[in-house]
Structures are given as C-alpha cells and as structure tokens.
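A closer look at the structure
Letter by letter, the chains look like this.
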Amino acid sequence: MKNEKIAFIGTGVMGASIVKHLVNASYDVTVYTRTKSKADPLVELGARWADSVGEAVREADIIFTMIGMPADVEEVYLSENGIFANGRPSQTVVDMTTSSPELAIAIARKAESLQMHSLDAPVSGGDIGAQNGTLSIMCGGKKALYNRLLPILSVFGKQIVYQGDAGAGQHAKMCNQITVAGNMIGACEALAYAMKSGLDPDTMLQSVASGAAGSWSLSALGPRIIKEDYEPGFFVKHFVKDLNIALQETERLNLELPGLKLARKMYIELLDQGYGEKGTQVLIKQYID
C-alpha cells in the first residue's frame with residue numbers, strides 16, 4: 001500500500017503525530033489544515049503541503065480526516081469545496097474524527113453513490129497513544145475495506161478492531177467516551193481524597209493504578225494532575241462535544257445514563273470557566289480549587 005498516495009486533513013494534537021508515523025514509514029503524504037503553521041514541522045519532515053482540501057485530495061488514493069466538530073466534518077466532506085466535490089471514483093475516505101454515527105452513515109452513503117469507499121475509524125489513546133503509535137482504532141464500514149486498510153492503520157495503531165457496518169466505529173467510540181467520563185471522575189475523586197487525607201498522591205498511585213481500580217485515566221493522567229499539568233492530550237471542548245453526541249444517542253436509544261449526564265454537567269462548567277483549551281484532567285479543579 002506504500003505506493004498509494006495519502007491526503008491527511010487536520011494536523012492537530014493527534015493528527016500531527018499520525019502523519020509523522022506515516023511519513024517515517026515512507027508513505028507519500030500531503031497535508032492540509034486550517035492553520036498552516038501547525039503543518040510546517042510535518043512539511044520539514046517530508047510531507048507535502050496543499051493550499052486547500054480540494055488540492056490535497058485531488059491526487060490522493062486514501063484520504064484521512066481528523067478534525068474538530070461534526071459541523072467541520074460536514075463542511076470538509078460535503079461542501080462545494082470539500083472532499084466529495086473534488087474526489088473521484090475508487091478513492092477511499094477514512095474519518096478519524098469522533099463524530100455522530102448518523103453523520104458517518106451519511107458519509108458512507110454519499111461515498112458509495114460516487115463509487116468511493118468509506119470507513120469511520122475514530123481513535124482512543126490521547127496524545128501519548130498518537131505519539132507512540134499505539135492508538136486504539138474502532139472501525140465501521142465494509143469488512144473488506146477494513147481488511148485492505150489494516151496494514152496502514154497498523155502504522156499508528158495497536159488495537160485495531162472492526163466493529164461492524166458504517167457508523168459502528170462511532171458507536172464504539174461513544175462507549176469509549178462514556179467509560180472515560182466515569183473513569184475521570186473516579187480518578188479525580190481518588191486524588192482529591194488522597195490529598196485531603198494526607199497521603200502522598202504518587203505513592204497512592206503506585207498501589208491503586210496497578211490494582212482492580214486501574215485505568216488509563218489514572219495511570220496516564222493521574223501523574224499530570226499531581227504535577228498540575230493541564231495541557232491537552234485531549235481538549236475539554238472536544239470532550240464536551242463527544243459527551244453531547246453520546247447523550248443525543250442515548251435519547252434516540254431511549255437509554256438513561258445518569259453518570260454520563262453528571263460528567264457532561266461537570267465538563268460544561270469547566271468550559272464555562274474558560275478551560276476549553278485544557279486537557280480533560282483539569283476536572284480535578286472541580287474538587288481542589
């Protein structure tokens with residue numbers, strides 16, 4: 001597959017690291033992102049810059065997108081300057097943005113009508129997983145397409161699982177975000193308790209993070225919380241977007257998830273306090289400030 005040309009749209013915290021892995025693995029990659037300066041280090045590494053979405057996708061065989069909000073996904077795919085307006089039959093689109101299952105299905109149907117191929121493939125693992133090439137990737141679409149793309153997904157992913165038809169990858173990501181939301185509350189409450197009770201938080205983590213209470217949130221973000229490092233591996237503003245999507249889906253499914261509602265309420269409060277550009281671990285400020 002290294003003979004196939006790749007376009008990558010969106011080089012933020014996660015996307016930039018994924019592009020680095022692709023370039024280092026000798027893939028031919030063209031990048032486009034709204035803020036060109038974010039892509040400059042990737043161009044220095046060997047990626048090519050495109051001045052527009054249309055320019056990026058015109059010669060590509062596989063088009064990856066990893067952008068912010070569902071509205072951004074709609075614009076990049078469906079606008080008159082977007083992917084579908086500038087694409088051609090036989091191209092493959094892979095949306096790695098965490099977005100709504102319904103939008104993933106709409107993109108897949110549009111792609112099929114244009115004789116293109118589509119996979120929804122949101123990821124989990126944060127900035128650390130992206131940097132280390134160990135992301136968990138949840139895939140929805142046709143199984144044959146998943147199998148064909150597996151070698152390239154393996155360049156930056158470790159746990160790559162086919163979930164089902166179009167939209168299934170996004171549903172799996174909602175399950176992931178619901179779990180993360182609960183884990184972040186638990187991790188922050190444990191650390192707040194440790195601080196108030198006089199325990200050394202680092203020593204507490206040595207015991208708890210490796211036991212039955214262990215979680216990625218506790219192991220990866222617990223040390224950041226202790227250091228008061230609130231820089232994003234994943235933005236609060238994007239997490240709120242994900243929790244909103246999850247709640248919309250629970251309403252559609254007639255499912256009541258009170259823990260999810262609590263987490264969303266707490267993160268919206270952080271958003272209102274100006275922490276939208278911080279990492280999800282800033283939730284600790286609900287307990288210690």
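Here the structure is a predicted model, which means the values were calculated and not measured.

So, how was this worked out
Residues numbered from 1 in each chain as written. Predicted model: local features only at pLDDT ≥ 70, side-chain atom pairs only at ≥ 80, totals over all residues. Heavy atoms only, no water. Helix = DSSP H or I, 4+ residues; strand = E, 2+ residues; numbered from the N terminus. Buried < 20%, exposed > 50% of the residue type's maximum accessible area, 1.4 Å probe, protein only. Pairing = 2+ DSSP bridges. Expected span 1.5 Å × (residues − 1). Arc of directions from axis to C-beta. Contact = heavy atoms within 4.5 Å. 1 Å grid on protein atoms, 1.4 Å probe; cavity = no way out; pocket = protein on both sides within 12 Å on 5 of 7 lines; lining within 4 Å. Points joined across faces, edges and corners; volume = space filled by probe spheres on them. Nonpolar A, V, L, I, M, F, W, Y, C, P; charged D, E, K, R; others polar. Core = buried A, V, L, I, M, F, W, Y, C linked by side-chain atoms within 4.5 Å. Salt bridge = Lys/Arg side-chain N within 4 Å of Asp/Glu carboxyl O.

Looking now at unusual backbone geometry. Unlike most non-glycine residues, serine 90 shows phi in positive territory, near 85°. Position of serine 90 among the secondary structure elements: in the loop between α5 (83-86) and β5 (92-95). On the accessibility criterion, serine 90 (48% relative accessible area) is partly exposed. Although it is not a glycine, glutamate 228 adopts a positive phi angle of roughly 55°.

All right, on to the pairing of strand β4 (residues 62-65) then. Along any regular strand the residues' side chains alternate between the sheet's two faces. A two-sided burial pattern is seen for β4, the buried positions comprising Ile62 and Phe64 on one face and Ile63 and Thr65 on the other. As defined by bridge partners, strand β1 (residues 5-9) adjoins β4 across 4 bridges and the pair is classed as parallel. Each residue of the ladder has a partner; that of phenylalanine 8, found in β4, is phenylalanine 64. With 4 bridges joining them, β4 and β5 adopt parallel strand pairing. Directly across from phenylalanine 64, in β5, lies its bridge partner valine 94.

Over its 15 residues, helix α13 (residues 258-272) extends 21 Å from the first C-alpha to the last, a length consistent with the 21 Å expected when each residue adds 1.5 Å. Along α13, the residues that are buried comprise Leu260, Ala263, Met266, Tyr267 and Leu270. One side of α13 carries all its buried residues, which in axial view fall inside an arc of 130°. Residues of α13 that are exposed and angled more than 90 degrees away from the buried face: Pro258 and Asp272. On its buried side, α13 packs onto α9 (168-197), α12 (236-252) and α14 (285-288).

Before going further, it helps to examine the layout of surface pockets. The volume enclosed by the second largest pocket comes to roughly 340 Å³. What lines the second largest pocket is a set of 15 residues, among which Ala108, Glu112, Ser118, Gly141 and Lys142 lie closest to the centre. No other element matches helix α6 (residues 101-113), which puts 4 residues into the lining of the second largest pocket. Grouping the constituent residues of the lining of the second largest pocket by class yields 6 nonpolar, 4 polar and 5 charged.

A general feature of soluble globular proteins is that nonpolar side chains tend to end up buried together. The biggest cluster of nonpolar side chains holds 54 residues, and the ones touching the most others in it are Phe64, Ile137 and Leu153. Ignoring sequence-local partners within four residues, the contact set of isoleucine 137 consists of Met96, Ala121, Pro122, Val123, Leu153, Phe156, Gly157, Gln159, Ile160 and Val161. Core analysis: the second largest hydrophobic core is formed by 30 residues, Met174, Leu218, Leu221 and Tyr267 among them.

A separate point is the pattern of salt bridges. Counting across every chain of the model gives 14 salt bridges. Between arginine 252 and glutamate 102 there is a salt bridge whose closest N-O contact spans 2.9 Å. Note that arginine 252 is positioned in helix α12 and glutamate 102 in helix α6, a separation of 150 residues in sequence. According to the relative accessible area criterion, glutamate 102 is partly exposed, its value standing at 34%. Between lysine 241 and aspartate 242 there is a salt bridge whose closest N-O contact spans 2.8 Å.

So, on to the side chain of histidine 238. Within the secondary structure, histidine 238 is located in helix α12. Given a relative accessible area of 17%, histidine 238 falls into the buried group. Among residues more than four places away in sequence, those in contact with histidine 238 are Gly68 and Met69.

Applying the stated criterion to the full structure yields 1 cavity of 30 Å³ or more. For the largest cavity, the calculated volume is near 40 Å³. What lines the largest cavity is Tyr77, Val93, Val94, Asp95, Ala104, Ile107, Ser118, Leu119 and Asp120. Here the residues of the lining of the largest cavity are counted per class, giving 6 nonpolar, 1 polar and 2 charged.

A few words on the environment of lysine 110. Residue placement: lysine 110 occurs in helix α6. Here lysine 110 falls in the partly exposed class, since its relative accessible area comes to 36%. As a C-alpha pair, lysine 110 and tyrosine 77 span 33 residues in sequence and 9.5 Å in three-dimensional space. Ignoring any residue separated from it by four or fewer positions in sequence, one finds lysine 110 in contact with Leu78 and Phe84.

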